[in-house]
Amino acid sequence: MSVTALLVTTLLFLAVIAGMAGILFWKGWTLGRRGARIAERLRKQAGLIEALRTGGEDEFRTAVETLRSGVPRDLREAVLDAARDAAGDPVPVRLARSFDILGITDRNIDALRNSPSWERRAMAAERLGKIGSARAVFPLLLTLRDVKDEDTDVRGAALRALG
């Protein structure tokens with residue numbers, strides 16, 4: 001191999017490494033910015049989160065209706081997650097019910113049953129466990145029974161979701 005070929009190969013290798021590092025940096029930077037934007041948007045919803053967590057039944061119903069009609073769809077689940085996290089374990093029944101009312105539980109059940117991606121099915125099982133809705137128990141049990149042998153990660157996520 002000539003010196004020129006070795007130099008070209010080395011430069012190509014370094015260019016590939018630099019490109020990969022740039023992609024990883026960009027991905028981390030954009031995820032960090034996205035997380036910061038969501039955190040800022042959640043801070044603006046602090047009153048709603050508190051009403052979901054500690055409000056009386058009327059205040060809770062009003063908060064869920066506000067989530068349905070006045071909060072952008074991409075932020076609804078984050079608001080409910082923040083209220084659930086602040087409430088601690090076990091998940092209060094009415095918070096789990098709010099995931100049901102807003103269709104979040106059904107969306108994750110559908111992903112668990114129908115997604116062609118085992119990663120998406122495993123993530124849906126994990127989300128259902130965090131949501132804590134009784135409606136998720138039967139689909140999670142069916143997943144334990146019906147999952148293909150190669151999808152052991154999905155089975156494991158369903159087991160963890162069931163507690």
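In the block above lies the structure referred to throughout.
Scope of this entry: the structure provided in the associated data block. Along each chain, the written sequence defines residue order, and numbers are assigned to residues from 1. The model is predicted, so local features are restricted to residues of pLDDT at least 70 and side-chain atom pairs to those at 80 or more, both for listing and for counting; the totals for chains, interfaces and linings are taken over all residues. Derived side-chain values reflect all non-hydrogen atoms in the structure, with water molecules and hydrogen atoms excluded from consideration.

A word on helix α6 (residues 104-114)
Exposed residues in this analysis have more than 50% of their type's maximum accessible area, buried residues have under 20%, and partly exposed residues fall in between, with area computed by a 1.4 Å probe over protein chains only. Numbered from the N terminus, helices here are DSSP runs of H or I no shorter than four residues, and strands are runs of E no shorter than two. All of the buried residues along α6 are I104, T105, N108, I109, A111 and L112. Looking straight down α6, one finds that the buried residues subtend no more than 160 degrees of arc, so they occupy a single side. Exposed side of α6, more than 90 degrees from the buried face: R113 and N114 are the residues found there. Elements in contact with the buried residues of α6: α4 (73-87), α5 (93-101), α7 (118-131), α8 (137-146) and α9 (152-162). Here, the arc refers to the directions that run from the helix axis to the C-beta atoms. Every residue pair with non-hydrogen atoms within 4.5 Å of one another is taken to be in contact.

Description of the nonpolar core
With 22 residues, the main nonpolar core has L48, L52, L67, V79, L80 and L95 as its most contacted residues. Those elements that provide at least two residues to this core are α2 (46-54), α3 (57-70), α4 and α5. Apart from residues no more than four positions distant in its own chain, V79 is found in contact with L42, Q45, L48, I49, L52 and L67. As used in this record, nonpolar core signifies buried Ala, Val, Leu, Ile, Met, Phe, Trp, Tyr and Cys residues forming a set joined through side-chain atoms within 4.5 Å. L112, A122, L128 and L140 belong to the second-largest nonpolar core, a separate cluster that totals 13 residues.

Nothing here speaks to function; it is geometry throughout.
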